[in-house]
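Fold and geometry: a report
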Amino acid sequence: MNDDVRNIVLGVVAAGISAALGWLARTYLWRRRLRRKQAFLGLPENSESLLVVNRDSATAEPAVHRFDVFALLELSALIKDCGAQFHVVTQDAVHQGFGERTEFCVGGPGSNRRMVAHMSAMLPGVRVNIDPEPGPDRGAFQVGTERYRMDPGVTEYVLLARLTAGEQQSRPVFLFCGQRAITNQAATRYLARNHERLSRKYGASSFVLLLRVVNSQAYGPDVVELVGDVTREARAPLPAAAAPAPRNSHRSS
């Protein structure tokens, strides 16, 4: 074998080794990101999860608002990426505790009984005004001593929470509790876009985030701002005398 042929062979071998090492590195990084995503969402491969859907409060018939359907589609894509399975169930058809399977619960307490149960058990510091009568406080959130009114289509709020019954529990409950259906979708999209950052920050710990949906009448569910981490306020019992004067709150994160 002359020098030219040997150099060509060595070049081909080096290129092959380099390509193999690059493929192995990319595969390792992809698998590490996948494992981190699965751990954060509580979705090991081939595991089962629940998508708990609310009902459209604007109709007397059993129906799901189209924005809540879009929210379910956002979540189903996340679940499938983890190699897990999901079952869609209505809010009045779930008869199990939490922690057995990862659960994604969509909709405010006015349209989702399951959300009422979760908030009562795990978010005692949160109150939602579900009075159907028109008024400035309709749909308002109270988190601790702060109250957050909505201006429909302009400024609206939604709670995004990851909760576990205990810090060692591997199967969390995710809550998407919005003032309107479009804010539920905004929260699921926020989770889909930011799960890596949230995983790095919180790991397997519980958290409650308050998000503000900006000008949904023009931008839909796309423009979302983080108001702040309200975990401490949301999980602490609300004082009986806590009744602050209603006002728009604009805390920054």
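Shown above is the structure to which this text applies.
This section reports on the structure supplied with the text. Going along each chain's sequence as written, the residues are numbered from 1 onward. This being a predicted model, a pLDDT of at least 70 is required before a residue's local features are given, and a value of 80 or more before pairs of side-chain atoms are given or counted; all residues contribute to the totals for chains, interfaces and linings. Here the side-chain values reflect all heavy atoms present in the structure, with hydrogen atoms and water set aside.

Turning our eyes to something else, we now look at the sheet that holds strand β4 (residues 126-128). Read from one edge of the open sheet, three strands run β4-β5-β6, paired in antiparallel fashion. Each end of this open sheet is capped by a strand with a single partner; those strands are β4 and β6 (146-148). The mean angle between the axes of side-by-side strands here comes to 15 degrees, regardless of whether they run parallel or antiparallel. In this analysis, strands are considered paired if DSSP registers two or more bridges between them. To qualify as a helix, a DSSP run of H or I must reach at least 4 residues; to qualify as a strand, a run of E must reach at least 2; elements of each kind are numbered from the N terminus. Bridge count between strand β5 (residues 141-143) and β6: three bridges; the pairing is antiparallel. The residue bridging F141 from the neighbouring strand is Y148, located in β6. As a rule, the C-alpha atoms of each element are fitted with a line to give its axis, helices using only the stretch in contact, and angles between N-to-C directions run from 0 to 180 degrees.

Before going further, it helps to spend a moment on the layout of surface pockets. Any residue with an atom within 4 Å of a point lines the site, the site being either a cavity, points on a 1 Å grid over the protein atoms alone where a 1.4 Å probe fits but cannot get out, or a pocket, an open set with protein on both sides within 12 Å along at least 5 of 7 lines. Grid points are joined across faces, edges and corners, and a volume is the space filled by probe spheres set on the points. Space inside the second largest pocket adds up to approximately 160 Å³. Lining the second largest pocket are P109, V116, M119, S120, L123, P124, V126, R127, V128 and I130. Those elements that provide at least two residues to the lining of the second largest pocket are α3 (113-122) and β4. Of the residues that constitute the lining of the second largest pocket, the class distribution is eight nonpolar, one polar and one charged. Residues are grouped as follows: Ala, Val, Leu, Ile, Met, Phe, Trp, Tyr, Cys and Pro are nonpolar; Asp, Glu, Lys and Arg are charged; every other residue, Gly included, is polar.

Our focus in this paragraph is the nonpolar core. L41, F104, F176, L191 and L211 are the most contacted members of the largest nonpolar core, which has 29 residues in total. Every element with two or more residues in this core is listed here: α1 (3-41), β1 (48-53), α2 (66-81), β3 (102-106), β7 (155-163), β8 (173-178), α4 (181-202) and β9 (207-214). Among the buried residues, those of types Ala, Val, Leu, Ile, Met, Phe, Trp, Tyr and Cys that are joined through side-chain atoms within 4.5 Å form a nonpolar core. Per-residue accessibility, obtained with a 1.4 Å probe over protein chains only, is compared with the maximum for each type, and a residue is labelled buried under 20%, exposed over 50%, and partly exposed between these values. Residues L50, C105, L159 and L210 belong to the second largest nonpolar core, which totals 24 residues.

Now for the pairing of β8. Within β8, six of the six residues are buried, which leaves the element mostly enclosed by the surrounding structure. With burial as the criterion, each face of β8 is covered, one bearing V173, L175 and C177 and the other bearing F174, F176 and G178. As judged from the four bridges shared by β3 and β8, these two strands associate in the parallel manner. Following the sheet pairing, E103 is matched in β8 by V173. Where β7 meets β8, six bridges bridge the pair, whose relative direction is antiparallel. Pairing of V158 across the sheet is with G178, part of β8.

Below, the discussion takes up the side chain of R171. Mapped onto the fold, R171 is located in the loop between β7 and β8. For this count, His and the chain ends are skipped, Lys and Arg are scored as positive, and Asp and Glu as negative. A pair is scored as a salt bridge if a Lys or Arg side-chain nitrogen falls within 4 Å of a carboxyl oxygen belonging to Asp or Glu. At 7.9 Å, E48 is the nearest oppositely charged side chain to R171, a buried residue that forms no salt bridge. Not counting the four nearest positions on each side in its chain, R171 is found in contact with G42, P44, S47, E48, G99, E100, R101 and T102. Pairs of residues are marked as contacts when any of their non-hydrogen atoms sit within 4.5 Å.

With that settled, the discussion passes to α2. For α2, with 16 residues, the first-to-last C-alpha span of 23 Å sits near the 22 Å given by 1.5 Å per residue. Of the residues trailing α2, G83 is marked for its positive phi of about 75 degrees. Every helix has an expected span of 1.5 Å times one less than the residues it contains.

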